[in-house]
Amino acid sequence: MSQRIVVDPKIHFGKPCVSGTRIPVQSVLELVRENLTFAEIIREYYPDLKPDDIRACIQYAIDMLACEDILLAPTS
């Protein structure tokens, strides 16, 4: 699935996009957040996407959070 998301500095200022498109991962995730089904996202917004592309966007977000370090301030 990782080949479905690309980061290219020449496309959308280097923001992650679905491979072979100019569709930003963030835009897809915003539609998922609005509780649209994969079929609705494809039919109404991005007919070039496949369900696996949407799954790859979600997995990309999960992967980014998994590698993020969270530093907590010490408590007294």
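These figures come from a predicted structure and were not determined experimentally.

Could you give an account of the side chain of Thr21, with specific residues and numbers?
Inspection of the secondary structure assignment puts Thr21 in the loop between strand S2 (17–18) and helix H1 (25–33). The class of Thr21 is buried, set by a relative accessible area of 16%. Among the polar contacts listed, one links the side chain of Thr21 to the backbone nitrogen of Ile23, at a separation of 3.0 Å.

Break down the nonpolar core for me, with residues and values.
The biggest cluster of nonpolar side chains holds 13 residues, and the ones touching the most others in it are Ile5, Val18, Val28, Ile41, Leu49, Ile54 and Cys57. Those elements giving two or more residues to this core turn out to be H1, helix H2 (38–45) and helix H3 (51–66). Excluding its chain neighbours within four sequence positions, the residues that come into contact with Ile54 are Val28, Val32, Phe38, Ile41, Ile42 and Leu49.

Tell me about the pattern of salt bridges, and name the residues and values.
Under the definition given, this model contains five salt bridges. Here Asp53 ties to Arg4 by a salt bridge, and the two come within 2.6 Å at their closest N and O atoms. In this pair, Asp53 is assigned in helix H3 and Arg4 in the segment before strand S1 (5–6), connecting sequence segments 49 residues apart. In this structure Asp53 comes out as buried when scored by relative accessible area, which is 7%. Note that Glu34 and Arg33 form a salt bridge whose closest N and O atoms lie 3.2 Å from each other. Residues participating in the shared-partner salt-bridge network are Arg4, Asp52, Asp53 and Arg55.

What counts, and where the lines are drawn
- Residues numbered from 1 in each chain as written.
- Predicted model: local features only at pLDDT ≥ 70, side-chain atom pairs only at ≥ 80, totals over all residues.
- Heavy atoms only, no water.
- Helix = DSSP H or I, 4+ residues; strand = E, 2+ residues; numbered from the N terminus.
- Buried < 20%, exposed > 50% of the residue type's maximum accessible area, 1.4 Å probe, protein only.
- Polar contact = N/O pair within 3.5 Å; in protein donor to acceptor, adjacent residues only side chain to side chain.
- Core = buried A, V, L, I, M, F, W, Y, C linked by side-chain atoms within 4.5 Å.
- Contact = heavy atoms within 4.5 Å.
- Salt bridge = Lys/Arg side-chain N within 4 Å of Asp/Glu carboxyl O.

Structural measurements only, silent on function.
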